[in-house]
Amino acid sequence: QVTLKESGPGILQPSQTLSLTCTFSGFSLSTYGMGVGWIRQPSGKGLEWLANIWWDDDKYYNPSLKNRLTISKDTSNNQAFLKITNVDTADTATYYCARMKGYGGYWFAYWGQGTLVTVSS
Amino acid sequence: DVVMTQTPVSLSVSLGGQVSISCRSSQSLVHNNGNTYLSWYLQKPGQSPQLLIYKVSNRFSGISDRFSGSGSGTDFTLKISRVEPDDLGVYYCGQGTQYPNTFGAGTKLELK
């Protein structure tokens, strides 16, 4: 059974760095073809893809935030991470991690429950 | 970036009825490997999105055959037959053919 769970600080101030953790089970990020992605959703709005990391440590970022994003993984502990630097109120959203599986292209097969992050002074 | 355009924005349906949601991409979603990575997701109220359909027409594990996906190139459709109360929510199409991954703005399915 595949499960993912996001964790984060809940609230942080503008200009700080947001650190998110995705803890998963039921698959390994060292298995060929596996990946984890991060997607966010401001309240009442649509989905915005942020970044992906693959089993071979290949990484992709949304160009609109590229300079602020860093994705990484800890295969031994079944975790993936996302850091967003210099946050502001526009980064307030629910952040999801999701498992991907694909060769060439991909889709988000399993999603976590999401973690709400509020940026406020 | 590939722009995903969903129509309609919202849809009212009677229980037991049938609906279709359209998703059009600004570029072909056919990958170099010949596959088309167009997927459909449903976000029920208060929940995270869930995968319904991947690669245009493949139902994900446990998804009812009342959901069907079709289309090719840049034009795709999700059909839901015999609508049930648990089908209500916001439907998103998404493409995983090229980076950056992009989603449609969503179609809200409501009861008439």
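Anything mentioned here points back to the structure above.
Reference entry: report on the structure contained in this document. (Residues numbered from 1 in each chain as written. Chains lettered and ligands numbered in written order. Predicted model: local features only at pLDDT ≥ 70, side-chain atom pairs only at ≥ 80, totals over all residues. Heavy atoms only, no water.)

## As for the nonpolar core
Core analysis: the largest hydrophobic core is formed by 42 residues, its most contacted members being F108 and W111 of chain A together with L38, W40, L52 and Y91 of chain B. Broken down by element, the residue count for this core peaks at four residues, all from strand 4 (residues 38-43) of chain B. Apart from residues no more than four positions distant in its own chain, L38 of chain B is found in contact with M4, C23, L29, I53, Y54, K55, V56, F76, C93 and G94 of chain B. The next biggest cluster of nonpolar side chains, apart from the first, holds 28 residues, and it includes C22, W38, I53 and I84 of chain A. (Core = buried A, V, L, I, M, F, W, Y, C linked by side-chain atoms within 4.5 Å. Buried < 20%, exposed > 50% of the residue type's maximum accessible area, 1.4 Å probe, protein only. Helix = DSSP H or I, 4+ residues; strand = E, 2+ residues; numbered from the N terminus. Contact = heavy atoms within 4.5 Å.)

## Here we look at the pairing of strand 7 (residues 67-72) of chain B
Residue and element names in this part refer to chain B. Both strand 7 and strand 8 (residues 75-80) contribute to a ladder of six bridges, which runs antiparallel. The residue of strand 8 that forms the bridge with G69 is L78. Counting the residues between successive antiparallel strands, the hairpin from strand 7 to strand 8 contains two residues, one of them, G73, with a positive phi of roughly 65°. (Pairing = 2+ DSSP bridges.)

## Concerning the sheet that holds strand 1 (residues 4-7) of chain B
All names here are of chain B. An order of 1-3-8-7 is seen for the four strands of this open sheet, with the pairing classed as antiparallel. Strand pairing shows two members of the sheet lacking a second neighbour, strand 1 and strand 7, which therefore form its edges. Sheet twist, expressed as the mean angle between neighbouring strand axes with direction ignored, is 20°. (Axes fitted to C-alpha atoms, helices over the stretch in contact; angles between N-to-C directions.)

Distances and angles like these do not, on their own, reveal function.
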